[in-house]
Amino acid sequence: MNDYPIHSSPQSDILSSAFLLGNVGAPFVIGLAVGYFAKKMLRLALFLGGAAIVLLFVTEYYGITEMTDEKLQSAATAATGIAKQSGGFLMERLSHITSKGVSAVAGFFVGLKIG
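Being a predicted model, the structure only gives us computed values, none of them experimental.

Right, let's talk about the overall build of the protein for a bit. What the protein contains, in helices and strands, is three helices and zero strands. Along the protein, helices and strands appear, N-terminal first, in the series α-α-α. Looking at the protein residue by residue over its 115 residues, the buried ones come to 14%. For the protein, contacts bridging at least 24 residues in sequence account for 64% of all contacts bridging at least 6. For the protein, the computed accessible surface area is about 8900 Å², with 69% contributed by carbon and sulfur atoms.

Below, the structure is given as structure tokens:
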């Protein structure tokens, strides 16, 4: 018989600091950083897209270009589709960081909120 006390291994102790930092803390911070960056880039893309549309309106006013409403709407639809795909890609990638992916995805949403 074994005289040594039975201790739980570090992997099975879910309240240990090593487990929490590796599986909850670090993935949350990664998700937070990605969410914050994604929101800032979305805002920048919307700003640049709005500037491009205003420039198109101005050039149309002066007769330099011609833009129909249908072309403008199809371009906006394509841009929205690209944004949805990239958001889906980020969520998919973050969900693989930990075994359940909950911490990183939660961090992503918090980053979107504060970004």
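Moving on from the coordinates now.
Here helix α3 (residues 102-114) is 13 residues long and its end C-alpha atoms lie 18 Å apart, about the 18 Å a rise of 1.5 Å per residue gives. Taken residue by residue, α3 has S103, A104, V105, G107, F108 and G111 as its buried positions.

This next bit is on the nonpolar core. Grouped together as the largest cluster of nonpolar side chains are five residues: A38, L94, A104, V105 and F108. Sort the elements by how many residues they give to this core and α3 lands first, with three residues. Setting aside its immediate chain neighbours within four residues, A104 contacts P27, F28, G31, L94 and I97.

Now for the side chain of T59. On the secondary structure map, T59 appears in helix α1 (residues 17-61). Apart from residues no more than four positions distant in its own chain, T59 is found in contact with I64 and T65.

To continue, consider the confidence of the model for the protein. The share of residues in the protein with pLDDT of 70 or more is 76%, and the mean pLDDT across the chain is 79. Low pLDDT, under 50, characterises residues 7-11; the stretch is placed with four contacts to residues that sit more than four places away or in other chains.

Counting across every chain of the model gives two aromatic pairs. With centroids separated by 5.1 Å and ring planes inclined at 85°, the aromatic side chains of Y61 and Y62 adopt a geometry described as edge-to-face. As far as burial versus exposure is concerned, Y61 and Y62 are alike and both exposed. Where F108 meets F109, the ring centres are 5.8 Å apart and the plane angle is 70°; that geometry is what we call edge-to-face.

The next subject is the environment of G25. Considering the arrangement of structural elements, one finds G25 in helix α1. It is 9.3 Å that separates the C-alpha atoms of G25 and G107, two residues lying 82 residues apart in sequence.

Moving on, we get to the UniProt feature "transmembrane region" (unreviewed entry) in the protein. Sequence positions flagged by UniProt for "transmembrane region" (unreviewed entry) are, in local numbering, residues 14-37 and 44-64. The span residues 44-64 shows a helical share of 86% and a strand share of 0%, and its end C-alpha atoms are spaced 27 Å apart.

Quick look at a nonpolar patch on the surface now. A surface patch of nonpolar side chains, amounting to about 530 Å² of accessible area, comprises F37, M41, L44, F47 and L48. Relative to the helices and strands, L44 is located in helix α1. Given a relative accessible area of 39%, L44 falls into the partly exposed group.

Criteria and thresholds
Residues numbered from 1 in each chain as written. Predicted model: local features only at pLDDT ≥ 70, side-chain atom pairs only at ≥ 80, totals over all residues. Heavy atoms only, no water. Helix = DSSP H or I, 4+ residues; strand = E, 2+ residues; numbered from the N terminus. Buried < 20%, exposed > 50% of the residue type's maximum accessible area, 1.4 Å probe, protein only. Contact = heavy atoms within 4.5 Å. Areas by Shrake-Rupley, 256 points an atom, 1.4 Å probe, with all protein chains shown as cover. Expected span 1.5 Å × (residues − 1). Core = buried A, V, L, I, M, F, W, Y, C linked by side-chain atoms within 4.5 Å. pLDDT = per-residue confidence, 0-100. Phe/Tyr/Trp six-rings, centres within 6.5 Å; stacked < 30°, edge-to-face > 60°. UniProt positions renumbered as here; feature names shortened; annotations may be inferred. Patch = residues over 30% accessible without salt bridge, like charges linked within 9 Å, V, L, I, M, F, W, Y side chains within 5 Å. Salt bridge = Lys/Arg side-chain N within 4 Å of Asp/Glu carboxyl O.

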